Amino acid sequence: MKKSIFFIICVAILSLGFIQDQLDKELQKTIQSEQLTPPQKEESANPDKIELGRLLFFDKILSGNKDISCATCHHPTLQSGDSLSLAIGVGGKGLGSIRKMGKNRLRIPRNSPEIFNRGAEGWHTMFWDGRVKQLEDGQFETPAEEKFPQGVENVLAAQAMFPVLSRDEMRGRISDRDINGELNELALISDAAPQSVWRALMNRILKFEDYRQLFQKVYPEIPLKKLGFQHAANAIAAFEAEAFTFEDSPWDQYLAGKENAIDLSAKRGALLFYGAANCSSCHSGNLMTDQKFHNIGVPQFGPGRDNGKPYDYGRYAETGEWKDRFAFRTPPLRNVAITGPWMHNGAYGTLEEVIRHHLDPEKQLQNYDPTQLEKQLQKTYKGDEQSIGMVVETLDKQLLNAQALNDDQISDLLSFLKSLTDSKVTQLKKMVPQKVPSGLSMEEDLSRATKSY
Ligand code: HEC
Ligand code: HEC
């Protein structure tokens, strides 16, 4: 009796070991053919520049009404996002899932993305619709066109030039007054003169001695008068790259050769991701995104964007090409398990639904349940036949190549996605400065921004 139990245990251990070995072998082959390598940490910028960027990132002085900072929508304690489906800009109050809209304001039409690892080499396309891009020759393609200044150091800095121009995100409306009841001079400037907004912002920022000193330390060769907002943006980007780069997830450790960093289920999930489930045809390479645009049939809701209202046409608004209707840039996936709600508009509150959506987008779109959204947004859901028909029309064909998956396989894919979380990303509170040079308040009461993913 004893002998036979001993025998069974031995066989079990041996065969488990054999399965592990087989999986590891297959996975190593995949890793080689996909040319995946553990991320390389870029060199840190100079500490004064990072500190200047940090203060600017948290300082509401960058917003017209002095009521919102970059951190409001990309908070370190909210995994560099805001936990909302659609962001709440100027006029809003509070942080995270309890943030409230201001009176007579509209929601921002899109989800605040996490901003992890955007300083990594190879990033060239910013925003869900890719409206900021760095081209191969190093030039930037941006909505400011020829008004975009010289001296912007990288694509992350190029991105940082734009939230301050957006009336709904940070700048405010012409008739707005700031939190002290004073004129909002940024809002008075015409939308056609971004340079004037950037200049007016620098006038604001350089009124504070602490900022003057820091800018001089970071840019000793440039006289204060010659500094432009691009110099602020370079510092913000340096801070973002330093603070939000996390590349030591269990999967990264596995890529670096540590075979037991992820479990069997995650290994099976990785094989599906790079194999039968076809995920890596879009979430490809070391950044886990092709930085291209695909319509994967995400339900439409919210105020809509620009000329497309009440719809958000995504990339189509940039290119005017029919195939780009409802296409959005493939998001990267490191730390994705904790950065919900997911998709360009936060349509889904669980990662499992996100996977199920990809496997049968048309059906998921037809059956989407808007009651999972905040009440305010439920009313804006476009679930009528015509809207759904429009979205389905330009659906990406690549989604159809995936094999149908059973529940165990979906659970393996989930394990793989969870293995992309670096354990350090949940400990970012220390990044929040004690105070900012303008003396304006920072986001109050972090402990109440409760909903976490
Ligand atoms: C009102 C909320 C809000 C504020 C304030 C805000 N953002 Fe964002 N951020 C967003 C949203 C929403 C998007 C996506 C918009 C889009 O794609 O059209 C975004 C996109 C980004 C991206 C692009 C990420 C990617 O993957 O393409 C970066 C980087 C970023 N923001 C940094 C900043 C910085 C720096 C500031 C301050 C100068 C800032 N944001 C202010 C909401 C906000
Ligand atoms: C055809 C290209 C394509 C394929 C194939 C694909 N995805 Fe995606 N994925 C996208 C795009 C594009 C989005 C964002 C769509 C949107 O918001 O409208 C996305 C969104 C996601 C998100 C949400 C990320 C976030 O930050 O909101 C996850 C998770 C994800 N995909 C995982 C997967 C998995 C797992 C597979 C394989 C089963 C897969 N994807 C296959 C293009 C693709």
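Residues numbered from 1 in each chain as written. Chains lettered and ligands numbered in written order. Predicted model: local features only at pLDDT ≥ 70, side-chain atom pairs only at ≥ 80, totals over all residues. Heavy atoms only, no water.

1. Overview of the nonpolar core
Right, so step 1: Ranked by size, the top nonpolar core spans 70 residues in total, and within it Leu62, Phe215 and Phe229 carry the most contacts.
Right, so step 2: Those elements that place two or more of their residues in this core are helix H2 (47-58), helix H3 (70-73), helix H4 (155-160), helix H6 (194-205), helix H7 (209-218) and helix H8 (229-243).
Right, so step 3: Element by element, the count of residues in this core is highest for H8, at nine residues.
Right, so step 4: Core analysis: the second largest hydrophobic core is formed by 52 residues, Leu264, Tyr313, Ile388 and Leu414 among them. (Core = buried A, V, L, I, M, F, W, Y, C linked by side-chain atoms within 4.5 Å. Buried < 20%, exposed > 50% of the residue type's maximum accessible area, 1.4 Å probe, protein only. Helix = DSSP H or I, 4+ residues; strand = E, 2+ residues; numbered from the N terminus.)

2. Describing the site of ligand 1
Right, so step 1: As a matter of local geometry, ligand 1 sits amid 27 residues, with Cys70, Cys73, His74, Phe127 and Trp128 nearest to it.
Right, so step 2: The contact in question runs from an oxygen atom of ligand 1 to an N or O atom on the backbone of Phe127, over 2.6 Å.
Right, so step 3: In the environment of ligand 1, an oxygen atom lies 2.7 Å from a nitrogen or oxygen atom belonging to the backbone of Trp128.
Right, so step 4: Contributing elements (two or more residues each) for the shell around ligand 1: H3, H4, helix H5 (167-171) and H8.
Right, so step 5: The class makeup of the residues in the shell around ligand 1 is 15 nonpolar, six polar and six charged. (Near = heavy atom within 4 Å. Polar contact = N/O pair within 3.5 Å; in protein donor to acceptor, adjacent residues only side chain to side chain. Nonpolar A, V, L, I, M, F, W, Y, C, P; charged D, E, K, R; others polar.)

3. A look at unusual backbone geometry
Negative phi values dominate among residues other than glycine, just as trans dominates among peptide bonds.
Right, so step 1: Cis peptide bonds are those with omega within 30 degrees of zero, and the linkage from Lys309 to Pro310 qualifies with 5°.
Right, so step 2: Residue position: Pro310 is located in the loop between strand E4 (293-294) and helix H11 (316-319).
Right, so step 3: If you check the backbone angles, Asn278 has positive phi at about 65° while not being a glycine.
Right, so step 4: Even without being a glycine, Met288 presents a positive backbone phi close to 65°.
Right, so step 5: Tracing the backbone through its elements, the reader meets Met288 in the loop between helix H10 (264-273) and E4.
Right, so step 6: Judged by its relative accessible area of 1%, Met288 is buried.

4. Remarks on the coordination of the iron atom of ligand 1
Right, so step 1: Looking at the protein side alone, the iron atom of ligand 1 has one donor only, His74 (NE2), at 2.1 Å.
Right, so step 2: In this fold, His74 is placed in the loop between H3 and strand E1 (125-126). (Donors = N, O, S within 2.8 Å, 3.2 Å for Na, K, Ca; no water.)

5. A few points about the site of ligand 2
Right, so step 1: Around ligand 2 lies a shell of 23 residues, among which Cys279, Cys282, His283, His344 and His358 are the nearest.
Right, so step 2: His283 is positioned with one of its side-chain polar atoms (N or O) 2.8 Å from a nitrogen atom of ligand 2.
Right, so step 3: One of the backbone nitrogen or oxygen atoms of His344 is found 2.6 Å away from an oxygen atom of ligand 2.
Right, so step 4: No other element matches helix H12 (residues 351-359), which puts three residues into the shell around ligand 2.
Right, so step 5: When its residues are assigned to classes, the shell around ligand 2 shows 14 nonpolar, eight polar and one charged.

6. Let's talk about the pattern of salt bridges
Right, so step 1: According to the stated counting rule, one finds 25 salt bridges in the structure shown.
Right, so step 2: One salt bridge connects Arg118 with Glu114, and the closest N-O pair in it is separated by 3.0 Å.
Right, so step 3: The exposure class assigned to Arg118 is buried, which follows from its relative accessible area of 6%.
Right, so step 4: Across the salt bridge formed by Arg131 and Asp129, the nearest N and O atoms sit 3.0 Å from each other.
Right, so step 5: A relative accessible area of 16% places Arg131 in the buried class. (Salt bridge = Lys/Arg side-chain N within 4 Å of Asp/Glu carboxyl O.)

7. Section: the environment of Gly122
Right, so step 1: Inspection of the secondary structure puts Gly122 in the loop between H3 and E1.
Right, so step 2: Taking the relative accessible area as the measure of exposure, Gly122 reaches 42% and is therefore partly exposed.
Right, so step 3: For the pair Gly122 and Lys49, spaced 73 residues apart in sequence, the C-alpha separation works out to 22 Å.
Right, so step 4: Setting aside anything within four residues of it in sequence, one finds Gly122 in contact with Leu287 and Gln291. (Contact = heavy atoms within 4.5 Å.)

8. Re H10
Right, so step 1: Most of H10 is tucked away: nine of the 10 residues are buried.
Right, so step 2: Along H10, the residues classified as buried are Leu264, Ser265, Ala266, Lys267, Gly269, Ala270, Leu271, Leu272 and Phe273.

9. What about the packing of aromatic side chains?
Any two aromatic rings considered together are summarised by their centre-to-centre distance and by the angle between their planes.
Right, so step 1: Per the stated rule, a full pass over the model turns up 23 aromatic pairs.
Right, so step 2: For the ring pair Phe58 and Phe239, a centre distance of 6.3 Å and an interplane angle of 65° mean the geometry is edge-to-face. With Phe58 in helix H2 and Phe239 in helix H8, this residue pair connects regions lying 181 residues apart in the sequence. Of the two residues, Phe58 and Phe239, neither departs from the other in class, the shared state being buried.
Right, so step 3: Seen in terms of ring centroids, Phe116 and Phe246 are 5.9 Å apart; in terms of plane orientation they differ by 85°. Their pairing is edge-to-face. Residue Phe116 is located in the loop between H3 and E1, and its partner Phe246 is located in the loop between H8 and helix H9 (250-255); the two are separated by 130 residues in the primary sequence. Residues Phe116 and Phe246 agree in their burial class; the two are buried.
Right, so step 4: Cluster of aromatic residues (ring-pair linked, three or more members): Phe57, Phe58, Phe116, Phe239, Phe244 and Phe246.
Right, so step 5: Over the face of the ring belonging to Phe127 we find Arg131, whose NZ or CZ atom lies 3.7 Å from the ring centre.
Right, so step 6: Sitting over the face of the ring of Tyr316, Arg325 holds its NZ or CZ atom 5.7 Å from the ring centroid. (Phe/Tyr/Trp six-rings, centres within 6.5 Å; stacked < 30°, edge-to-face > 60°. Lys NZ or Arg CZ within 6 Å of the ring centre and 35° of its normal.)

10. Some remarks on the domain arrangement of the protein chain
Right, so step 1: Domains assigned within the protein chain are domain 1 (31-40 + 248-418) and domain 2 (47-245 + 427-448).
Right, so step 2: Buried area between domain 1 and domain 2, both sides added, is near 2600 Å², and the carbon and sulfur share of it is 56%.
Right, so step 3: The largest contributions to the domain 1 side of the interface with domain 2 come from Gln291, Arg305 and Arg329, which together make up 23% of the buried area.
Right, so step 4: On the surface where domain 1 and domain 2 come into contact, there are three salt bridges.
Right, so step 5: Salt-bridge contacts for Arg110 lead to Asp312; the nearest nitrogen and oxygen are separated by 2.7 Å.
Right, so step 6: The tally of links between domain 1 and domain 2 comes to 13 residue pairs in polar contact (both at pLDDT 80 or more).
Right, so step 7: Contributions of two or more residues to the side of domain 1 that touches domain 2 are made by strand E5 (328-329) and helix H14 (375-378).
Right, so step 8: Residue composition of the side of domain 1 that touches domain 2, grouped by class: 12 nonpolar, 12 polar and eight charged. (Domains from an automatic or database assignment. Buried area = accessible area lost by both parts, 1.4 Å probe.)

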